[in-house]
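# Structural characterization, general
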Amino acid sequence: MLDSPAQAFVSRYALGRDYHKLLRRRLQQLADRIGTAIGSFGYRAFVDSAPVLEKALAQQAGLGWIGKHTNLINSKAGSWFFLGELYTDLELPIDTPATDHCGSCQACIDVCPSRAIVAPYQLDARRCISYLNIELRGAIPVELRPLIGNRIYGCDDCQLVCPWNRIARPSAEPDFAPRHGLDSATLIELFAWSEAEFLQRTEGSAIRRIGHECWLRNIAVALGNAPRDTTIITALRSRLDHPSGLVREHVAWALNRHENQAVAANAREYE
Ligand code: B12
Ligand code: SF4
Ligand code: SF4
């Protein structure tokens, strides 16, 4: 998908059901099982839901090490997993922390499209595509837009290249199966979704959180990065009168980029 610039790339973690809901349910089941075995106990479940240092806790609990890309890696499962935890008042044995196995590898640093991993184990979140197309609500910095390519929600590059993910197995969890063809959709198809369609098709998905406006913003950037094509220009023009100034500005940027490409191509022809 990353090799086909007219296709939309959505991070694999967001193709199916929102992981927050699924993991919370599983943690509740775990708490119930512990309760059945030992009687009532105090606990609280977290999944990315409070200021919890999830990666550092997991590393200290021996689940894996924090790799140079700053995600947690397990030597038997890679890094394609989420973290969730039960805080409890139970007295538990203390685990042995996991050790680092990145060695001399720095594939994630080299592959990062936006140079967000500024040093081993150090991420400049302001440059990370996953921040730009998920967390950022305003305009995407112009100088970073060309680096985003066709990534419209999240970014997986640093994990895709990581040798430890060669041993990772796809999840058999049906809730994580891709919905609405999000793993094979074109940018144009997704750009045409109305707000009502966006809300309906992202129900229960993490994508819904960014809202239709940022969805269109992200796809406009990706369309601006796609090879020049009349269908792309037509799609972009169809959103020039969108009520959101944010969307209009990103659409104008994308059209301008195609315009510049055309001028450059013409100039080359006359050289
Ligand atoms: C903010 C955030 C982001 C930001 C910044 C990420 C970053 N690396 O800084 C953005 C939006 C960019 C982001 C992107 C992604 N995120 Co995110 N994110 C978070 C979130 C909500 C908070 C992290 C945070 O800032 N904590 C506060 C700071 C202070 O803590 P910290 O980063 O952990 O670092 C401290 C400690 O780890 C400690 N520390 C660091 N190294 C070491 C080493 C040792 C030995 C010790 C003791 C301590 C220690 O010191 C650090 C400074 O205080 C967590 C959930 C959570 N609650 O942890 C998910 C989380 C880290 N994200 C997750 C995911 C999946 C992603 C993406 C892969 C999503 C995607 N595909 O697009 C990308 C990956 C980008 C990347 N290369 O990191 C998962 C990671 C799962 C895993 N296997 O590690 C988490 C854990 C969510 C979850 N519950 O599953 N994310
Ligand atoms: S998620 Fe993408 S942009 Fe962010 S650090 Fe990894 S490769 Fe770089
Ligand atoms: S790609 Fe290499 S350096 Fe980066 S996290 Fe994986 S093993 Fe570590």
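Structural data are supplied above this passage.
Quick caveat: nothing in here was measured; it's all calculated off a predicted structure. (Residues numbered from 1 in each chain as written. Chains lettered and ligands numbered in written order. Predicted model: local features only at pLDDT ≥ 70, side-chain atom pairs only at ≥ 80, totals over all residues. Heavy atoms only, no water.)

Let us look at the packing of aromatic side chains. On inspection of all chains with the given rule, the structure shows 10 aromatic pairs. Measuring from centroid to centroid gives 5.4 Å for Trp193 and Trp215, while their planes differ by 25°, and the two rings are stacked. Of this pair, Trp193 sits in the loop between helix 7 (187-191) and helix 8 (195-201) while Trp215 sits in helix 9 (residues 211-225), and the two are 22 residues apart along the sequence. Overall, Trp193 belongs to the buried group, its relative accessible area being 6%. Of the residues examined, Trp215 reaches a relative accessible area of 0% and is grouped as buried. Ring plane angle 45° and centroid distance 5.4 Å describe the contact between Phe198 and Trp215, whose orientation is recorded as tilted. Taken together, the positions of Phe198 in helix 8 and Trp215 in helix 9 put the pair 17 residues apart, joining distant regions of the chain. One aromatic cluster is present, built from ring pairs that chain together Tyr13, Tyr19, Phe82, Tyr153 and Phe176. Above the face of the Trp80 ring, Arg12 is positioned so that its terminal group lies 3.9 Å from the ring centre. (Phe/Tyr/Trp six-rings, centres within 6.5 Å; stacked < 30°, edge-to-face > 60°. Helix = DSSP H or I, 4+ residues; strand = E, 2+ residues; numbered from the N terminus. Buried < 20%, exposed > 50% of the residue type's maximum accessible area, 1.4 Å probe, protein only. Lys NZ or Arg CZ within 6 Å of the ring centre and 35° of its normal.)

Quick look at the side chain of Thr202 now. For Thr202, the position within the fold is in the loop between helix 8 and helix 9. Reaching out from Thr202, the side chain makes a polar contact with the backbone oxygen of Phe198 at a distance of 2.6 Å. With residues up to four places along the chain from it excluded, the contact list for Thr202 reads Trp193, Ile207 and Arg208. (Polar contact = N/O pair within 3.5 Å; in protein donor to acceptor, adjacent residues only side chain to side chain. Contact = heavy atoms within 4.5 Å.)

A word on the packing of helix 9 against helix 11 (residues 245-269). At a minimum axis separation of 8 Å, helix 9 and helix 11 run at an interaxial angle of 5°. Comparing their axes, helix 11 and helix 9 come out roughly parallel. Where helix 9 abuts helix 11, its residues Glu213, Cys214, Leu216, Arg217, Ala220, Val221, Leu223, Gly224 and Asn225 lie against Leu246, Val247, His250, Val251, Trp253, Ala254, Arg257, His258 and Gln261. Of the residues contributing to the contact of helix 9 with helix 11, the split by class is 10 nonpolar, 5 polar and 3 charged. (Axes fitted to C-alpha atoms, helices over the stretch in contact; angles between N-to-C directions. Parallel < 35°, antiparallel > 145°, perpendicular 65-115°, else oblique. Nonpolar A, V, L, I, M, F, W, Y, C, P; charged D, E, K, R; others polar.)

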